[in-house]
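# Close look at the chain arrangement
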Amino acid sequence: MANDTEILEKLSKGLDYDPVALRKKYDYERDRRLKKEGSEQYLEVSEELARFENDDPYVEEEIVRDPLDVDIDVAIIGAGFSGIMTGARLSGKGISNFRIFDAASDFGGTWYWNRYPGAQCDVESYCYLPLLEETGYMPKEKYSFAPEIYEHTQRIAKHFDLYPRAVFQTRITEVRWDEDNQYWQVSTNRGDDVRAKFVIQGTGPLSRPKLPGIPGLENFKGHTFHTCRWDYDYTGGDHEGNLHKLADKKVAIIGTGSTAIQCVPYLGETAEQLYVFQRTPSSVDLRGNKPTDENWFKAQKPGWQRERRANFSSVLLGEPVAEDLVQDGWTDIANRVGVALMTRSEDDGELDISEMLLRGELADFGKMNEVRARVDSIVESDETAEKLKPWYRQFCKRPTFNDLYLPTFNRPNVKLVDTTETQGVERITEKGLVAGGEEYEVDCIIFATGFEATSEPRRRVDFDTIGRGGQSLYDHWVDGFRTLHGIMSHGFPNWFTIGINQNGLSPNFTAMFDDLAIHISYVINEVQSGENSVFELTADAEQAWVSEVIETTNVMRNQFMAQCTPGFFNHEGSKENLQNLPYGPGINAFNAVLQAWREDGSLKGLQLS
Ligand code: NDP
């Protein structure tokens, strides 16, 4: 039987590149980026670094209020899309005695905090902005910028009358199950005494910023901030740029992920000098945004948005669809790989899985060759262009789409500082940053270094949840997530979480949040309308779901990720705990599981008392 390399050589006849050499190049680049510290290379924003999370540069007015002393049905923690969607879906069930808590001053979650210049969603607005049909809103463009998305969160909140239930500028400090009284005691930094029958934690997968553990970080005497707390007082300007206060400043930005790709052009436009510290280049493809065609939008039939979202997920999962409705950069690569997987050469007999996968790999190589060629066609300096080329497969990291990023490197005041050799910035000094043995003196360092998205569960939130018998949720999850459907856990009665583990993950996060919100409001309504008031997930049901998640894990995805250059998508290249992954068959299959569970009507796996 032919081995992979032999099949690859057979399939590569007629290609204008050598796939075997390309594969070796990818392996080489991955290996030199593997950092022995794994996820531990990042610093948690606590203690002296807490200001990176706690400072709110967007507060217009401090809320002054007395501590709450209330009994409520539901405490929703987090006023981002998961909290908003849950509030909306609870309202739809006639449940109104709830509060939504958030440290921010308004609804929005990630879109409240991420106001950096150029912030935009790279999932098309017709899929990403939820409840378009219900709110009657037509997005301005195919890809919405942050202010429009932020505004839409407020539109939904108004539409479902969520403002009277919002408790802003309030940080949760602990959530504790009161065994005697059978409610959750929710404590806050404002001394609130909130007793809630149910708790829903929707704190968001991208809410806690993280910092790189670069030696000397605390020594820097200049200005610093994380992109999710953009300091417009310091930079001047607004979301559209014109960061005029940087005209006499030397600025460093660390990181070149999805966030940096969007804000670097605006920094380059105004800073006296911009240094972009890169460890791994992103894949930057064409954005090609366009205004919404009003006629097309108005012609959509009821139910179109749900159908479009499912179509998008199907295309990304390689499921057969009659038509790719979204047709963008995401679906382009998925389609190409999908077609390649299904193609058989004329002399093929049996469908050979290895050959199928290799065809997919070749389609991926082709796509990434285009991405790299695009760098050459835009960036004038050959040396810089070479450094900006990503040497890994598409989807190893979140692909980006931007028309302004690459041309920024043609500006004389912008310098790309590649830090691959030292696996990141070497040191931070009082005056600046050291890379390649050279010190770059700067006035300001901006951290575009991402979020605690896939780190240990305990690091992803800044408060503890204490269930039955005084057990911390994070002790219960010490060996990995333990849930039913990613949302309920044994020992934590009347409690839900909305996250990205053990459920149907999609790059279109809002679709996933909405599906979970529908499900959670169903469960609460069922429990509330019966004779009982408390549900608890049984240990057996929890174990069964954990086992199902492990057994149905997407082996191909896991093998793919193991070969990828490190990042938070693959746990920085260290071995992944299968228990922490999303439901392998994907979001559409996951929704079918939820729907069947609801249709069964018996609240299977829950014990009521
Ligand atoms: P990421 O985690 O994607 O990127 C962090 C960056 O910091 C990487 O380039 C990383 O390099 C770099 N870095 C980390 N440590 C060091 C170091 N010691 N020295 C030098 N560089 C370092 O964060 P983002 O904020 O860019 O994106 C996070 C997520 O937010 C995205 O995946 C996406 O889900 C979401 N997002 C979505 C957008 C959208 O359009 N919908 C837009 C923006 C963000 P390396 O790659 O080598 O680890």
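Structure's up top.
All of these numbers come straight from a predicted model, not from anything done at the bench.

### A closer look at the overall build of the chain
Across its full length, the chain holds 22 helices and 22 strands. Taken over the C-alpha atoms alone, the chain extends approximately 70 × 65 × 55 Å along its principal axes. The contacts in the chain between residues at least 6 apart in sequence include a share of 72% that link residues at least 24 apart. Surface summary for the chain: the accessible area is close to 25500 Å², and the carbon and sulfur share equals 48%. The distance from the centre of the 65 positive side-chain charges to the centre of the 98 negative ones in the chain is 2 Å.

### Some points on the sheet that holds strand S15 (residues 427-428)
What holds strands together in a sheet is hydrogen bonding between their backbones, with the strands either parallel or antiparallel. Ordered in space as S15-S16-S17, the three strands form an open sheet in which the pairing is antiparallel. The strands lining the two open edges of the sheet, one partner per strand, are S15 and strand S17 (438-441). Across two bridges, the pairing between S15 and strand S16 (residues 432-435) is antiparallel. Across the sheet, the residue bridging to isoleucine 428 is leucine 433, located in S16.

### Things to note about the pairing of strand S11 (residues 273-278)
Buried residues dominate S11, accounting for six of its six residues. Neither face of S11 is open: one carries Gln273, Tyr275 and Phe277, the other Leu274, Val276 and Gln278, and all of them are buried. Both strand S10 (residues 250-254) and S11 contribute to a ladder of five bridges, which runs parallel. Paired with isoleucine 254 across the strands is phenylalanine 277, a residue of S11. For the crossover that starts at S10, traverses helix H10 (residues 258-270) and ends in the parallel S11, the hand is right-handed. The pairing of S11 with strand S14 (residues 414-418) spans five bridges and is parallel. In the strand pairing of S14, tyrosine 275 is matched with lysine 415.

### A closer look at the sheet that holds S10
Spatially, five strands are ordered S9-S18-S10-S11-S14 in an open sheet, and the strand pairing comes out parallel. With one partner strand each, in any of the chains shown, strand S9 (223-226) and S14 form the two edges of the open sheet. On average, adjacent strands in this sheet sit at an angle of 20 degrees to one another, irrespective of strand direction.

### Some remarks on the environment of glycine 288
Along the chain, glycine 288 turns up in the loop between strand S12 (284-285) and helix H11 (294-298). With a relative accessible area of 39%, glycine 288 lands in the partly exposed category. With 113 residues separating them in the primary sequence, glycine 288 and phenylalanine 401 have C-alpha atoms 8.4 Å apart.

### Some thoughts on the site of the ligand
Surrounding the ligand, one finds 26 residues, the nearest of these being Asp122, Thr259, Arg279, Thr280 and Lys397. In this structure, aspartate 122 approaches the ligand through a main-chain N or O atom, which is 2.8 Å from an oxygen atom. Here an oxygen atom of the ligand and a side-chain polar atom of threonine 280 are 2.5 Å apart. Ranked by the residues each element gives to the shell around the ligand, the list is headed by H10, at three residues. Taken together, the residues that form the shell around the ligand break down as eleven nonpolar, eleven polar and four charged.

### Let's talk about the state of the cysteines
Covalently bonding the sulfur atom of one cysteine to the sulfur atom of another cysteine gives a disulfide. For the structure shown, the criterion picks out one disulfide. Sulfur-sulfur distance for the disulfide between cysteine 396 and cysteine 564 comes to 1.9 Å. Disulfide cysteine 396-cysteine 564: the torsion about the S-S bond is -75 degrees, which places it as left-handed. Separated by 168 residues along the polypeptide, cysteine 396 in the loop between helix H15 (382-387) and strand S13 (400-401) and cysteine 564 in the loop between helix H21 (555-562) and helix H22 (587-600) bring together distant segments of the chain. For cysteine 396, a relative accessible area of 4% gives the class buried. With no disulfide partner, cysteine 263 has as its closest neighbouring cysteine sulfur the one in cysteine 444, 11 Å distant.

### What to know about the packing of aromatic side chains
The final tally for this structure, using the stated rule, is 37 aromatic pairs. Taken together, a centroid distance of 6.2 Å and an interplanar angle of 65 degrees make the contact between tryptophan 477 and tryptophan 495 edge-to-face. Within this pair, whereas tryptophan 477 is found in the loop between helix H18 (473-476) and strand S20 (495-497), its partner tryptophan 495 is found in strand S20, the two being separated by 18 residues in sequence. The same class applies to tryptophan 477 and to tryptophan 495, which are both buried. Aromatic ring contacts, followed pair by pair, group Tyr474, Trp477, Phe481, Phe492 and Trp495 into a single cluster. Positioned over the ring face of phenylalanine 98 is arginine 165, at 5.1 Å from the centre of the ring.

### Side note on the packing of helix H1 (residues 4-11) against helix H14 (residues 353-378)
Running from N to C, H1 and H14 point in directions that differ by 55 degrees, and their axes come no closer than 10 Å. With respect to each other, H1 and H14 are oriented oblique. For the pair H1 and H14, the crossing hand works out as right-handed. Between H1, through Asp4, Ile7, Leu8, Lys10 and Leu11, and H14, the contact on the second element is made entirely by Ser354, Glu355, Leu358, Arg359 and Leu362. Each residue belonging to the contact of H1 with H14 can be placed in one class, and the counts come to five nonpolar, one polar and four charged.

### Overview of the side chain of arginine 195
Mapped onto the fold, arginine 195 is located in strand S7 (residues 193-201). According to the relative accessible area criterion, arginine 195 is buried, its value standing at 15%. A distance of 2.8 Å separates a polar atom in the side chain of arginine 195 from a polar atom in the side chain of aspartate 71. One polar contact links arginine 195 to aspartate 193, side chain to side chain, over a distance of 3.1 Å. Excluding anything up to four places from it in sequence, arginine 195 contacts Asp69, Val70, Asp71, Ile72, Tyr183, Trp184 and Gln185.

Analysis parameters
- Residues numbered from 1 in each chain as written.
- Predicted model: local features only at pLDDT ≥ 70, side-chain atom pairs only at ≥ 80, totals over all residues.
- Heavy atoms only, no water.
- Helix = DSSP H or I, 4+ residues; strand = E, 2+ residues; numbered from the N terminus.
- Contact = heavy atoms within 4.5 Å.
- Areas by Shrake-Rupley, 256 points an atom, 1.4 Å probe, with all protein chains shown as cover.
- Lys, Arg positive; Asp, Glu negative; His and termini not counted.
- Charge placed at Lys NZ, Arg CZ, Asp CG, Glu CD.
- Pairing = 2+ DSSP bridges.
- Buried < 20%, exposed > 50% of the residue type's maximum accessible area, 1.4 Å probe, protein only.
- Right-handed = clockwise from strand over helix to strand, strands pointing away.
- Axes fitted to C-alpha atoms, helices over the stretch in contact; angles between N-to-C directions.
- Near = heavy atom within 4 Å.
- Polar contact = N/O pair within 3.5 Å; in protein donor to acceptor, adjacent residues only side chain to side chain.
- Nonpolar A, V, L, I, M, F, W, Y, C, P; charged D, E, K, R; others polar.
- Disulfide = S-S within 2.5 Å.
- Phe/Tyr/Trp six-rings, centres within 6.5 Å; stacked < 30°, edge-to-face > 60°.
- Lys NZ or Arg CZ within 6 Å of the ring centre and 35° of its normal.
- Parallel < 35°, antiparallel > 145°, perpendicular 65-115°, else oblique.
- Left-handed = near helix turned anticlockwise from the far one by under 90°.

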